[in-house]
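What the coordinates show
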Amino acid sequence: MDVKVLHHNDCLNFCPVDVAKGLCRRTNELTLIDSETCECYERLPKCKFCTNYVSTDAQMGICKAEKGEPWAYPEMIAVTCKWFSFA
Amino acid sequence: MATPVLESRQKLLAEILMEKGIPIEYRYGKEFEDVADREIKNNPTPRADALKKLYLNSLSSVNVEFPYWYNREWRKWDGEIPIIRRAKALKAAFSHLTPVIWPGEKLVMGKTYYYRGSFPMPWLSNTFFMAKSDELYKAALERGSASSGEEAKFGAGGGNVTQDFGNVVSIAGKFGIRSEEVPALVKLAYEWKDKSVEELGHRYEMMVPEYDMKEKIMRSVICMFDSGFTLPQGREVINYYYPLAYGFDGLIEMCKERKDKVAGRADGDGLVGMDRLYYYEAVITVIEGLQNWILNYAKEARRLEKVTTDPTQAREYGEIAEMLEWIAHYQPRTFKEALQMTCLLHFAVLNEDAISGMSPGRLGQILYPWYEQDLAAGRTTREEVLELLQLHRVKFTCIDAFASTGVVGGVLSSNTFNNLSMGGLNKFGDPEGNELEKLILEAGQRLQSTQPTLSCLYDEKLPEDFLLKCAETVKTGTGYPAFMNNQVAIQFLLDQYAPEGMDISDARAIAIGGCLETSPCTWKPLVLNGKEYWIPGGAGQPTSVGVHFIANPKVLECVLFNGKDYRTGEQVYPPHNRKLETFEELWETFKEYYEMTVDCLATTNNIQHDIWRKNNMSVINSFLKPDCLEKGLHIGQLGYRYNATFNIESCGTITMVNSLVALKKLVYEDKKYTLDQMRDAMLNNFGFKTAKEIGSFSLLSQVKREGGEVYDKIHHDCLMAPKYGNDDPYADSILRLYEDWFCAMTRNYESLYGRKMYACQISVSTHGVQGSVTLATPDGRLAGTTYADASMSAYPGTDRNGPFALFNSATCWDHSKSQNSQLNLKIHPSAVKGPEGTRKLLELTRAYMRRGAFHIQYNVVDSKVLKDAQAHPENYRELLVRVAGFTQYWVELGKPIQDEVIARTEYEEI
């Protein structure tokens, strides 16, 4: 999974408001998701960062944590996933 | 939509009517020259204000987290008993929701991790996404390469995502989804191919002999939507009692005990007796999911407590964690914990199904035990409670519903109708209107927002100061509370639910579900610190179900044109081939077509709901409502105490009545025109261009066609024919004729639960959409424009004899024969100015209620303000108006509805 392009919604300090923006918990400012991340960036658990995630194409993949290897998608937030571990 | 550019000879309808002395924007009373603002303005607390502003700055946003986990778990359990499989899927979905706590919140949790979030449920309805998959993919691809600098545009449309921008794809001009989630959304939709309630329902409804006619009726928009897969639950009253009384751990224990008692035993019920075991197991499973969900929020609060540098904010996160860690297991100890519990239960039910109109019921009476004891013990203050109630308003205003797209826009105007009832009588017949309810009103004044909307269950016994507080709140321009007649509602409930055992005590528990749906409720004893209280809560099935929104004027149109819809060119009904030589023949034919409509819609919708109850039954809402836990049965097995809730809903009553009156007068009695002349005028839109031609469905924008003068005389006569709303027995007798028939006719139809249906008479926003597909009508209304709103509101500008004449017209029939009736009145702020004006408003309400009316609600606003808001929406993001049973932000309404609200008769004297 190519995770070079990072967005604000990849950051643990980002508090999502809607599909375009959220609040930065460090600055308390409204921030556009697709603007550049800053030095405070802290990786948020997402499928695309997980050892169990294997991409099948740019937008889809599978989760190898479960026996059936269900499909998954890279942008899924995984803070509540018991199988998540950073790759 | 811009005002059409007029050629020199063209005239707007509004100008023509003005020349005739019947201005479309009619004002009753002396006109006020200056723009009048609303009189009372109170401010919310800074915390509540900041959170509300965040809402106003938020877009309606969708993600697929919940459906992803639901679907993933569902697929793992192929072959499992349906209710257990569904409970496991729900548990997985709740357990994986990402917890987000926004700074400043004291009440937490929500439907999704977006502030104004929702999500589709492909197991319910999926064909829209499959049909649009190419379009969505294309948009996602294009969006992926769009400039990240593009920003959402606010102002017109409010928080609606009306078009694609940046990496955001618009779904149906309302919801935004991140482009990177679109492939997952489409994949989810395809995984439910041939399995969703929509598709399965469709497969079996085609077996109904009347199916072909039903499809034609849907295409002609004589009916607005199928209720089985769009909004299978809603317009009902939730019940918070069990978790408030026992806590979640207590409920799990209760279910385990019940399981031991029923496992393997039919106990005399060979049909569903054995199902009780699976039901209790499913309830335990979903409660575990809810506990995981709550504790995930607690965990997040603990994390934030540690990393937050601001000590006050860090302490508040700690308090949130402590509160959630407790209520995940036990009965709430404080008012704040109890309020938080009701919030999370509300969101839980809304995440279980596509629901609109899940009403909290009489929240001020439900939470009174904690309020009373906290105050007495010095654990809280009125100021703290007042702020919490404002925060509760923000939380509820953030609720979004992702139903089918046509329903969200065309019917609901993006509203979610969480109606909070207050007042009425207690179990023993004593008046309510307690101190906490007055604080709820005060919170509604201070933090003006759409949700929860408020309803006063008006009863002669209610204290005067409470009623005056209601009237004062209306004057702030919120449109709430609406007034519903408690005694009329009780009569309706006893009539409809006596066969299921309703008595006067349960009838007194009445609350409003959705806009203004009288809903069956009950009382339960709650013990708090050794003291017993009887608290009310919902005990009935949804009332959003049945036959929903029949366009009365469109049925009449089909009668006049031998069953054909000229817009689609389809023969909707079998040709009646009658000459319609008498009014009686016309009326009989109308009734025949109407009954055909109801019959085919009732049978096909029954099948959809039957599929829903078999595969998509409610588990969460079911365990909350009496008597599911006692019986061990869910909603689909008649577990609820009251099940005769399916109804038949009409739209455009007054436009139809005025049209029948005009036909009776001009064609049958005065014989001034033949029916063919009337038909010709209707087809030619009385000489006006069509709404489609000019690109506007607004009644204010309609333009005369060149040469259209040949229809001037007939149009004039149609406009001048007697109209409802003027205490004119000629017109009102037709309303009476219709209501006596309609309310009785609906009882002839049966829901899938074997219970008789009943009449429901509200319009929500369908008078806009259904008006847009209807030809010109014999009352002089032009093609494509809105019908009269609600069911008792006069057509704009036609009620000319003052409010009391309107009241007399509206109460010429027995309102207790229907679940509701609806009257909207627009009043100029100057007419109700000062304390004297508040009392006048109450007396006006009282006068209507004493005539036996069911409902009235007010827009206290100057039409000049609305016009300016239409021209400059960017200056009016917070302007609220009452539409038809709900309050909405002006900027989130479609233009036809905005125009209709502007055009409503403005009362400058009362």
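What you see is a predicted model; the values in this text were computed from it and never measured.

Rules used in this analysis
Residues numbered from 1 in each chain as written. Chains lettered and ligands numbered in written order. Predicted model: local features only at pLDDT ≥ 70, side-chain atom pairs only at ≥ 80, totals over all residues. Helix = DSSP H or I, 4+ residues; strand = E, 2+ residues; numbered from the N terminus. Rg over C-alpha atoms; globule rule 2.2 N^0.38 Å. Buried ≥ 20, exposed ≤ 12 C-beta atoms within 10 Å, placed from the backbone. Contact = placed C-beta atoms within 7 Å. Domains from an automatic or database assignment. Nonpolar A, V, L, I, M, F, W, Y, C, P; charged D, E, K, R; others polar. Pairing = 2+ DSSP bridges. Right-handed = clockwise from strand over helix to strand, strands pointing away. Core = buried A, V, L, I, M, F, W, Y, C linked by C-beta atoms within 7 Å. Axes fitted to C-alpha atoms, helices over the stretch in contact; angles between N-to-C directions. pLDDT = per-residue confidence, 0-100. Parallel < 35°, antiparallel > 145°, perpendicular 65-115°, else oblique. Left-handed = near helix turned anticlockwise from the far one by under 90°. Expected span 1.5 Å × (residues − 1). Arc of directions from axis to C-beta.

Description of the overall build of chain B
In terms of helices and strands, chain B carries 36 helices and 25 strands. Its C-alpha atoms give chain B a radius of gyration of 27 Å, within 12% of the compact-globule value 29 Å for 910 residues. For chain B, the C-alpha atoms occupy an extent of roughly 75 × 65 × 60 Å along the three principal directions. Put simply, chain B has 910 residues, and 62% of those count as buried. Taking as baseline every contact in chain B between residues at least 6 positions apart, the subset at least 24 positions apart corresponds to 79%.

With respect to the overall build of chain A
Counting secondary structure elements, chain A contains zero helices and six strands. Mapped in sequence order, the helices and strands of chain A form the string β-β-β-β-β-β. By principal-axis analysis of the C-alpha atoms, chain A measures approximately 40 × 25 × 25 Å. The buried share of chain A, reckoned over its 87 residues, is 41%. Considering only residue pairs separated by 6 or more positions, chain A has 48% of its internal contacts joining residues 24 or more positions apart.

With respect to the domain arrangement of chain A
The parts lose accessible area when they come together, and the size of an interface is often stated as this lost area. All names here are of chain A. Considered domain by domain, chain A is made up of domain 1 (1-44) and domain 2 (45-87). Its C-alpha centre places domain 1 at a distance of 20 Å from the equivalent point of domain 2. The residue makeup of the side of domain 1 that touches domain 2, split by class, is three nonpolar, no polar and two charged.

Re the pairing of strand β11 (residues 482-485) of chain B
Residues and elements named next belong to chain B. Burial of β11 is two-sided: the residues A482 and M484 facing one way and the residues F483 and N485 facing the other way are all buried. Pairing analysis gives four bridges linking strand β10 (residues 453-458) to β11, with the strands arranged parallel. In the strand pairing of β11, C456 is matched with F483. Following the backbone out of β10, through helix α20 (residues 464-478) and into the adjacent parallel β11, one traces a crossover that is right-handed. Bridge count between β11 and strand β22 (residues 855-860): two bridges; the pairing is antiparallel. The residue bridging M484 from the neighbouring strand is H855, located in β22.

Some words on the sheet that holds strand β6 (residues 71-72) of chain A
Within a beta sheet, neighbouring strands are joined by backbone hydrogen bonds and run either parallel or antiparallel to one another. All names here are of chain A. Across the sheet, three strands lie side by side as β4-β5-β6; this open sheet has antiparallel pairing. In this open sheet, the two edge strands, each paired with only one partner strand, are β4 (53-55) and β6. By the bridge criterion, two bridges tie strand β5 (residues 61-63) to β6 in an arrangement that is antiparallel. Paired with I62 across the strands is W71, a residue of β6.

Regarding the interface of chain B and chain A
Facing 34 residues of chain B, the contacting portion of chain A comprises 23 residues. Residue assignment for the side of chain B that touches chain A shows that the elements contributing at least two residues are α3 (65-76), β5 (175-178) and α7 (182-191) of chain B. Counting residues per element, the side of chain B that touches chain A draws most heavily on α3 of chain B, which supplies four residues. Of the residues belonging to the side of chain B that touches chain A, the class tally is 15 nonpolar, ten polar and nine charged.

Considerations on the nonpolar core
Ranked by size, the top nonpolar core spans 313 residues in total, and within it V283, L324, L367 and V619 of chain B carry the most contacts. Ranked by the residues each element gives to this core, the list is headed by helix α12 (residues 275-307) of chain B, at 15 residues. Each of domain 1 (1-44) and domain 2 (45-87) of chain A gives at least three residues to this core. For V619 of chain B, the residues in contact, after removing those within four places along its chain, are I83, R86, A87, L90, A282, V283, V286 and H634 of chain B.

As for the sheet that holds strand β19 (residues 647-651) of chain B
Residues and elements named next belong to chain B. The strand order across the open sheet built from four strands is β6-β16-β19-β20, with neighbouring strands paired in mixed fashion. The two strands at the open ends of the sheet, each matched to only one other strand, are β6 (223-225) and β20 (758-760). Between one strand and the next, the sheet's axes are offset by a mean angle of 35°, whatever the strand orientation.

Some remarks on unusual backbone geometry
In the segment running from Q451 of chain B into P452 of chain B, the intervening peptide bond is cis, with an omega of -15°. Turning to its location among the elements, P452 of chain B is positioned in the loop between α19 (435-446) and β10. In this chain, Y480 of chain B is followed by P481 of chain B through a cis amide linkage whose omega measures 0°. Examined against the element boundaries, P481 of chain B turns out to sit in the loop between α20 and β11. Even without being glycine, E69 of chain A reaches a positive phi, approximately 45°. Although it is not a glycine, N562 of chain B adopts a positive phi angle of roughly 55°.

Some thoughts on the environment of K864 of chain B
With respect to the helices and strands, K864 of chain B occurs in helix α35 (residues 863-871). Judged by local crowding, K864 of chain B falls into the partly exposed class, with 16 C-beta atoms found within 10 Å.

Notes on the confidence of the model for chain B
Residue and element names in this part refer to chain B. Of all residues in chain B, 95% attain a pLDDT of 70 or more, and the chain-wide mean is 92. In the predicted structure, residues 1-8 sits below a pLDDT of 50 and forms ten contacts with residues beyond four places in sequence or in another chain. Segment residues 145-156: pLDDT under 50, and 19 contacts once partners within four positions in sequence are set aside and those in other chains are kept. Both scores are available for the predicted complex, with the pTM at 0.95 and the ipTM at 0.97.

Re the packing of helix α13 (residues 311-327) of chain B against helix α14 (residues 335-352) of chain B
Residue and element names in this part refer to chain B. For the pair α13 and α14, the least separation of the axes is 10 Å and the interaxial angle reads 70°. Between α13 and α14, the crossing angle belongs to the class labelled roughly perpendicular. The crossing of α13 and α14 is right-handed. Residues M323, W326 and I327 of α13 lie in contact with α14, whose contacting residues are K336, E337, Q340 and M341. Residues belonging to the contact of α13 with α14 are distributed by class as follows: four nonpolar, one polar and two charged.

What about helix α31 (residues 729-745) of chain B?
Residues and elements named next belong to chain B. The first and last C-alpha atoms of α31 sit 23 Å apart over 17 residues, in line with the 24 Å expected at 1.5 Å per residue. Restricting attention to buried positions, one finds in α31 the residues A731, D732, I734, L735, Y738, E739, F742 and C743. End-on, the buried residues of α31 take up no more than an arc of 150°, which puts them together on one face. Away from the buried face of α31 by more than 90 degrees, exposed residues P729 and A744 are located. As for α31, its buried residues are in contact with β19, α27 (653-669), β20 and α33 (803-810).

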